2 protein chains.
Amino acid sequence: MAGYGQFCPVAKAMELLDERWTLLVVRELLMGSTRFNELRRGVPRMSPALLSRRLRRLCDAGVIERRGPENRASYVVTDAGRELLPVVEALGRWGTRWIPELGDADLDPHLLLWDMHRGLNRTAMPHERTVLAFEFTDVARSSSRWWLVVNADDVDVCDADPGFEAIVTVTVGLRVLTRLWRGDIDWAAAQRAGLRVAGPAWARRGLPDWLQMSPFAVVPRPG
Amino acid sequence: MAGYGQFCPVAKAMELLDERWTLLVVRELLMGSTRFNELRRGVPRMSPALLSRRLRRLCDAGVIERRGPENRASYVVTDAGRELLPVVEALGRWGTRWIPELGDADLDPHLLLWDMHRGLNRTAMPHERTVLAFEFTDVARSSSRWWLVVNADDVDVCDADPGFEAIVTVTVGLRVLTRLWRGDIDWAAAQRAGLRVAGPAWARRGLPDWLQMSPFAVVPRPG
DNA sequence: CGGTATCCCCGTCGATACTG
DNA sequence: CAGTATCGACGGGGATACCG
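Residues numbered from 1 in each chain as written. Chains lettered and ligands numbered in written order. Predicted model: local features only at pLDDT ≥ 70, side-chain atom pairs only at ≥ 80, totals over all residues. Heavy atoms only, no water.

The next point concerns the overall build of chain A. A tally of regular secondary structure across chain A gives 10 helices and 7 strands. The C-alpha radius of gyration computed for chain A amounts to 19 Å, which stays within 12% of the reference 17 Å derived for 223 residues, consistent with globular compactness. Along the three orthogonal principal directions, the C-alpha set of chain A runs to about 60 × 50 × 35 Å. Approximately 10600 Å² of chain A is accessible, and the part contributed by carbon and sulfur atoms is 49%. Taken together, the 30 basic and 28 acidic charged side chains of chain A have centroids lying 2 Å from each other. (Helix = DSSP H or I, 4+ residues; strand = E, 2+ residues; numbered from the N terminus. Rg over C-alpha atoms; globule rule 2.2 N^0.38 Å. Areas by Shrake-Rupley, 256 points an atom, 1.4 Å probe, with all protein chains shown as cover. Lys, Arg positive; Asp, Glu negative; His and termini not counted. Charge placed at Lys NZ, Arg CZ, Asp CG, Glu CD.)

In structure tokens, the structure reads:
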């Protein structure tokens, strides 16, 4: 689409940033994703063709730089890209406060686990390999069971049993865990809403500390 | 277009705000415009049908409220709307720093005068009616001459001679005055680039104080 | 002044398949 | 792993005219 035909810096910024998906890709980049397929996991409903277009556009705009060989590309934010953090933060804070309601279509177990895997508080967790299991009570059988496999230096999100025994199993409705992650409700309210944790007492007690919530969870709500 | 299918508050915010023109309308509302045709002057390239759609959407989202009788409607921001100011500010700051180049299509004398009329430093100006004239050296005859008519309690933007004598006449290239307004250059650089002011000495000296620049003019530039 | 109504085009996006 | 290629539909939005 053509530009706005305005010299206003807000308009010039939006000529780039109002394109569908663009700011979500930027969000993923700012969260630390650098590889194409890593970015895709953060925006699973975006087609690879469109992601490719957006990445090129962001390169052209100087927001990111493409690095590495053709077959192992990575994308890193430039100074200009890093300075989009205040924009993303302002949007996230506003969305948190003023759009609290989620439709069923906004819920996605894979995306939720993907977000959670980034925020795990590794230092508070056991040092050996640790597996956390999640069972969603209200999701179709085929995608109701998930595992976070915490290895020495990475975390995997699995939708198939990894074979190692889970130290805890969280049984919960998808919406309840999503709202907990977003900070719409707290841990106690989640338990009242049916969240259950199975496993040894020390692990059940530790879990709330292991799972960091969304960065926007602490945003104060209106009223 | 459908939503993003994400529970992330950034995604939920962008479902509303990534629609073309929406954030520019919000900008106008935050700058104090409340009436339909007043808003239009801030987004002249937007069709009235589309502005109408956007206003309804912003009402539905709780960003603004529609008030007054059918034939004299006004739109005022709610708390949610007011809290979009940090979003607009962050975008404006980023655009100012990282998209400094303007295309010819981004220049618009009417829009420039419309922006300037809002920022006039009335207290520093003469109390009686004051007329400021602008003559753009590089704009087609039909829209090269403009006037700001400062009355007791309002300011008019005119593209036809208002009939009252101007206290000063500014002769300048459209791009130069636009860059001055944006803070890309300062007053001295604008004069070196050809800006000339005609009128009594006291008015010529006062002018830089009368004309407030864009709120983003003070944003520090990279490097 | 404050909008609606209508029309139609073209670009965007989604879907799917495929490649080095 | 990191993308391209192709295609079709849809709907957003620009233009224009019109109404209360």
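So, about the protein's contact with DNA strand D. Around DNA strand D sit 18 residues, and of these Arg35, Ser52, Arg56 and Tyr75 of chain A together with Arg54 of chain B come closest. Taking all atoms of DNA strand D within 4 Å of the protein, the share assigned to sugar and phosphate is 82%. Between DNA strand D and Ala73 of chain A, the relevant distance is 3.3 Å, taken from a phosphate oxygen to a main-chain nitrogen or oxygen of the residue. Measuring from a phosphate oxygen of DNA strand D, one finds a side-chain N or O atom of Trp21 of chain B at 3.5 Å. (Near = heavy atom within 4 Å. Polar contact = N/O pair within 3.5 Å; in protein donor to acceptor, adjacent residues only side chain to side chain.)

In the structure shown here, the tally under the stated rule is 4 aromatic pairs over all chains. Of note, Arg129 of chain A hangs over the ring of Phe164 of chain A, and the distance from its end group to the ring centre comes to 3.5 Å. (Phe/Tyr/Trp six-rings, centres within 6.5 Å; stacked < 30°, edge-to-face > 60°. Lys NZ or Arg CZ within 6 Å of the ring centre and 35° of its normal.)

All names here are of chain B. Among the 6 residues in strand β4 (residues 145-150), 5 count as buried, and that is most of the element. Sheet topology places strand β3 (residues 130-136) next to β4; 6 bridges connect them, and they run antiparallel. Residue pairing across strands places Glu135 opposite Arg145, the latter belonging to β4. Here β4 runs beside strand β5 (residues 155-158); their pairing, made up of 4 bridges, is antiparallel. Following the sheet pairing, Leu148 is matched in β5 by Val157. Hairpin connection from β4 to β5: 4 residues lie between these consecutive antiparallel strands. (Buried < 20%, exposed > 50% of the residue type's maximum accessible area, 1.4 Å probe, protein only. Pairing = 2+ DSSP bridges.)

With 8 of its 9 residues buried, helix α2 (residues 22-30) of chain B lies for the most part within the structure. Among the residues of α2 of chain B, those classed as buried are Thr22, Leu23, Leu24, Val25, Val26, Arg27, Glu28 and Leu29 of chain B.

Here we take up helix α8 (residues 174-182) of chain B. What sets the pattern is the α-helix's 3.6 residues per turn: residues three or four places apart point alike. When you tally the buried positions in α8 of chain B, you get 7 out of 9 residues, the bulk of the element. Looking only at α8 of chain B, the buried set comprises Leu174, Val176, Leu177, Thr178, Leu180, Trp181 and Arg182 of chain B. Lining the buried residues of α8 of chain B we find α1 (9-17) of chain A together with α6 (85-98), α7 (109-119), β3, β6 (168-172) and α9 (187-192) of chain B. (Contact = heavy atoms within 4.5 Å.)

In this complex, chain A contributes 56 residues to the contact, which on the side of chain B involves 56 residues. Surface buried jointly by chain A and chain B totals about 4900 Å² across both partners, of which 68% is contributed by carbon and sulfur atoms. Of all residues in chain A, Tyr4, Phe7 and Trp94 of chain A give up the largest surface area on contact with chain B, accounting jointly for 18% of the area buried on that side. For the interface between chain A and chain B, the tally reads 4 salt bridges. Its salt-bridge partner being Arg97 of chain B, residue Glu83 of chain A comes within 2.6 Å of it at the nearest N-O pair. Applying the counting criterion to the chain A and chain B interface returns 20 residue pairs in polar contact (both at pLDDT 80 or more). If you list the elements that add at least two residues to the side of chain A that touches chain B, you get α1, α2 (22-30), α5 (79-82), α6 (85-98), α7 (109-119) and α8 (174-182) of chain A. (Buried area = accessible area lost by both parts, 1.4 Å probe. Salt bridge = Lys/Arg side-chain N within 4 Å of Asp/Glu carboxyl O.)

Glancing now at the sheet that holds strand β7 (residues 196-198) of chain B. Residue and element names in this part refer to chain B. Spatially, 5 strands are ordered β5-β4-β3-β6-β7 in an open sheet, and the strand pairing comes out mixed. Taken across any chain shown, the strands that pair with only one partner, and hence form the sheet edges, are β5 and β7. Averaged over all pairs of adjacent strands, the angle between their axes in this sheet comes to 15 degrees, without regard to strand direction. Across the sheet, helix α10 (residues 201-210) lies against β3, β6 and β7, angled at about 70 degrees from β6, the strand it touches most. (Axes fitted to C-alpha atoms, helices over the stretch in contact; angles between N-to-C directions.)

Glancing now at the nonpolar core. Leu17, Leu91 and Trp94 of chain A together with Leu17, Leu91 and Trp94 of chain B are the most contacted members of the largest nonpolar core, which has 70 residues in total. Taken together, the elements giving at least two residues each to this core come down to α1, α2, α4 (48-60) and α6 of chain A together with α1 (9-17), α2, α4 (48-60) and α6 of chain B. Once residues lying within four places of it in the same chain are set aside, the contact partners of Trp94 of chain B are Ala13, Leu16, Leu17, Val63, Ala80, Glu83, Leu84 and Val87 of chain A together with Ile99 of chain B. (Core = buried A, V, L, I, M, F, W, Y, C linked by side-chain atoms within 4.5 Å.)

Running from N to C, α1 of chain A and α6 of chain B point in directions that differ by 90 degrees, and their axes come no closer than 7 Å. Taken as axis vectors, α1 of chain A and α6 of chain B run roughly perpendicular relative to one another. Across from Pro9, Val10, Ala13, Met14, Leu16 and Leu17 of chain A in α1 of chain A, the residues of α6 of chain B making contact are Val88, Leu91, Gly92, Trp94, Gly95 and Thr96 of chain B. Here the contact of α1 of chain A with α6 of chain B is built from residues that sort into 9 nonpolar, 3 polar and no charged. (Parallel < 35°, antiparallel > 145°, perpendicular 65-115°, else oblique. Nonpolar A, V, L, I, M, F, W, Y, C, P; charged D, E, K, R; others polar.)

It is worth spelling out the domain arrangement of chain A at this point. Residue and element names in this part refer to chain A. Here chain A is partitioned into domain 1 (9-98) and domain 2 (104-211). Taking only C-alpha atoms into account, the centre of domain 1 sits 27 Å from that of domain 2. The interface of domain 1 with domain 2 comprises 9 residues on the first partner and 6 residues on the second. Interface of domain 1 and domain 2: buried area, both sides summed, is about 630 Å²; carbon and sulfur atoms make up 51% of it. The three residues of domain 1 that bury the most area against domain 2 are Met31, Arg41 and Thr96, which together make up 52% of that side's buried surface. Where domain 1 touches domain 2, the interface holds 1 salt bridge. Between Arg118 and Glu28 there is a salt bridge, with the nearest N and O atoms lying 3.0 Å from each other. Along the contact surface separating domain 1 from domain 2 lie 1 residue pair in polar contact (both at pLDDT 80 or more). If one sorts the elements of the side of domain 1 that touches domain 2 by residue count, helix α3 (residues 36-42) sits on top with 3 residues. By residue class, the composition of the side of domain 1 that touches domain 2 is 2 nonpolar, 3 polar and 4 charged. (Domains from an automatic or database assignment.)

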